[in-house]
Amino acid sequence: GESVGLHLPTLSVQEGDNSIINCAYSNSASDYFIWYKQESGKGPQFIIDIRSNMDKRQGQRVTVLLNKTVKHLSLQIAATQPGDSAVYFCAENQRGYNKLIFGAGTRLAVHP
Amino acid sequence: EPEVTQTPSHQVTQMGQEVILRCVPISNHLYFYWYRQILGQKVEFLVSFYNNEISEKSEIFDDQFSVERPDGSNFTLKIRSTKLEDSAMYFCASSLAGGETQYFGPGTRLLVL
């Protein structure tokens, strides 16, 4: 079933440390995955994406890892900065469908 | 960098009233979407729109909802008779093609009293 509620899991890290945010997706037919960052009162902001024919993709300070065997996605942020503090959502898309299915989100809190 | 814009940023309405939320997608994008996010919850898909027709919709998108592209730039979501439970952030998104990256606008916060 879907998890709902006001309390997001929170990851607290020190500034400069690396952060790893995890996501389990539900649909084995999903073949496109995206990480979004959402700051308070704003819309989801695209960070990085990956398609199912890859298991790793790197951007600037961010890396996404995809494990299709266990239906797991992770976002790694290197040298986390206070500006990285936000809620991070993974989203999945199945080929032939337009909708994104969002995960519940993880709050990242970066402490100086 | 081109971005999706939405107006108004906030809307307060009385239960039973009609509201229209407006969006200007990124100019060369062909697919448009509406999502909503109830406070503290995950983002939920409502509808996708391509080539002047709905291509996909969720069970949330019932007869009270409609979408329209009235001209070459705007994309609107209409809620005919608002209910208390329609209170949420409504996000518009657009993508160049189906299955491509969806870029989101800043949202409209709708409060139904």
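As shown above, the structure is provided for reference.
Novice: Can you walk me through the overall build of chain A in this structure?
Specialist: Within chain A, the secondary structure is distributed over zero helices and 10 strands. Starting at the N terminus and ending at the C terminus, chain A contains elements arranged as β-β-β-β-β-β-β-β-β-β. For 112 residues, the compact-globule estimate of 2.2 N^0.38 gives 13 Å, and the C-alpha radius of gyration of chain A, at 14 Å, lies within 12% of that figure. If one aligns the C-alpha atoms of chain A with their principal axes, the spans along those axes are about 45 × 30 × 25 Å. Classification of the 112 residues of chain A by burial places 42% in the buried group. Restricting to contacts in chain A with at least 6 residues of sequence separation, those with at least 24 account for 55%. Of the roughly 6000 Å² of accessible surface on chain A, a fraction of 47% belongs to carbon and sulfur atoms. Across chain A, the centroid of the 11 positively charged side chains sits 5 Å from that of the 9 negatively charged ones.

Novice: In this structure, what is going on with the interface of chain B and chain A? I would like to understand it.
Specialist: Each partner contributes to the interface: chain B provides 24 residues, whereas chain A provides 24 residues. Carbon and sulfur atoms make up 51% of the surface buried where chain B meets chain A, a total of about 1900 Å² over both sides. It is Lys42, Glu56 and Phe104 of chain B that lose the most area in chain B upon contact with chain A, and together they represent 30% of the buried surface on that side. Linking chain B with chain A are one salt bridge. For the pair chain B and chain A, the number of links is 11 residue pairs in polar contact (both at pLDDT 80 or more). Take the side of chain B that touches chain A: its biggest share by element is four residues, from strand β4 (residues 31-37) of chain B. Looking at side-chain class alone, the side of chain B that touches chain A contains 11 nonpolar, 10 polar and three charged residues.

Novice: Would you explain unusual backbone geometry in this entry?
Specialist: Keep in mind that most residues, glycine aside, have a negative phi and that most peptide bonds are trans. Here the residue pair threonine 7 of chain B and proline 8 of chain B is connected by a cis peptide bond, since its omega of -10 degrees sits within 30 degrees of zero. Note that proline 8 of chain B resides in the loop between β1 (5-7) and β2 (10-13). Of note, the phi angle at lysine 71 of chain A is positive, near 55 degrees, even though the residue is not glycine. At alanine 79 of chain A, a position not held by glycine, the phi torsion is positive, near 50 degrees. With respect to the helices and strands, alanine 79 of chain A occurs in the loop between β7 (72-77) and β8 (86-94).

Novice: Sorry, what's going on with the state of the cysteines here?
Specialist: The term disulfide refers to a covalent linkage connecting the sulfur atoms of a pair of cysteines. Across all of its chains, the model carries two disulfides over all chains by this definition. Between the sulfur of cysteine 23 of chain A and that of cysteine 90 of chain A lies a disulfide, 1.7 Å long from S to S. Of the two residues, cysteine 23 of chain A sits in strand β2 (residues 19-24) while cysteine 90 of chain A sits in strand β8, which places them 67 residues apart along the sequence. You can call cysteine 23 of chain A buried: its relative accessible area is 9%. Sulfur-sulfur distance for the disulfide between cysteine 23 of chain B and cysteine 92 of chain B comes to 1.9 Å. An S-S torsion of about -65 degrees defines the bridge between cysteine 23 of chain B and cysteine 92 of chain B as left-handed. Here cysteine 92 of chain B lies in strand β9 (residues 88-95) and cysteine 23 of chain B lies in strand β3 (residues 19-24), a separation of 69 residues in the sequence.

Novice: Could you clarify how one ought to interpret the pairing of strand β4 (residues 45-51) of chain A in this entry?
Specialist: Along any regular strand the residues' side chains alternate between the sheet's two faces. Residues and elements named next belong to chain A. Sheet topology places strand β3 (residues 30-38) next to β4; six bridges connect them, and they run antiparallel. Looking across to β4, one finds that phenylalanine 33 is bridged to isoleucine 50. Counting the residues between successive antiparallel strands, the hairpin from β3 to β4 contains six residues, one of them, glycine 41, with a positive phi of roughly 80 degrees.

What counts, and where the lines are drawn
- Residues numbered from 1 in each chain as written.
- Chains lettered and ligands numbered in written order.
- Predicted model: local features only at pLDDT ≥ 70, side-chain atom pairs only at ≥ 80, totals over all residues.
- Heavy atoms only, no water.
- Helix = DSSP H or I, 4+ residues; strand = E, 2+ residues; numbered from the N terminus.
- Rg over C-alpha atoms; globule rule 2.2 N^0.38 Å.
- Buried < 20%, exposed > 50% of the residue type's maximum accessible area, 1.4 Å probe, protein only.
- Contact = heavy atoms within 4.5 Å.
- Areas by Shrake-Rupley, 256 points an atom, 1.4 Å probe, with all protein chains shown as cover.
- Lys, Arg positive; Asp, Glu negative; His and termini not counted.
- Charge placed at Lys NZ, Arg CZ, Asp CG, Glu CD.
- Buried area = accessible area lost by both parts, 1.4 Å probe.
- Salt bridge = Lys/Arg side-chain N within 4 Å of Asp/Glu carboxyl O.
- Polar contact = N/O pair within 3.5 Å; in protein donor to acceptor, adjacent residues only side chain to side chain.
- Nonpolar A, V, L, I, M, F, W, Y, C, P; charged D, E, K, R; others polar.
- Disulfide = S-S within 2.5 Å.
- Pairing = 2+ DSSP bridges.

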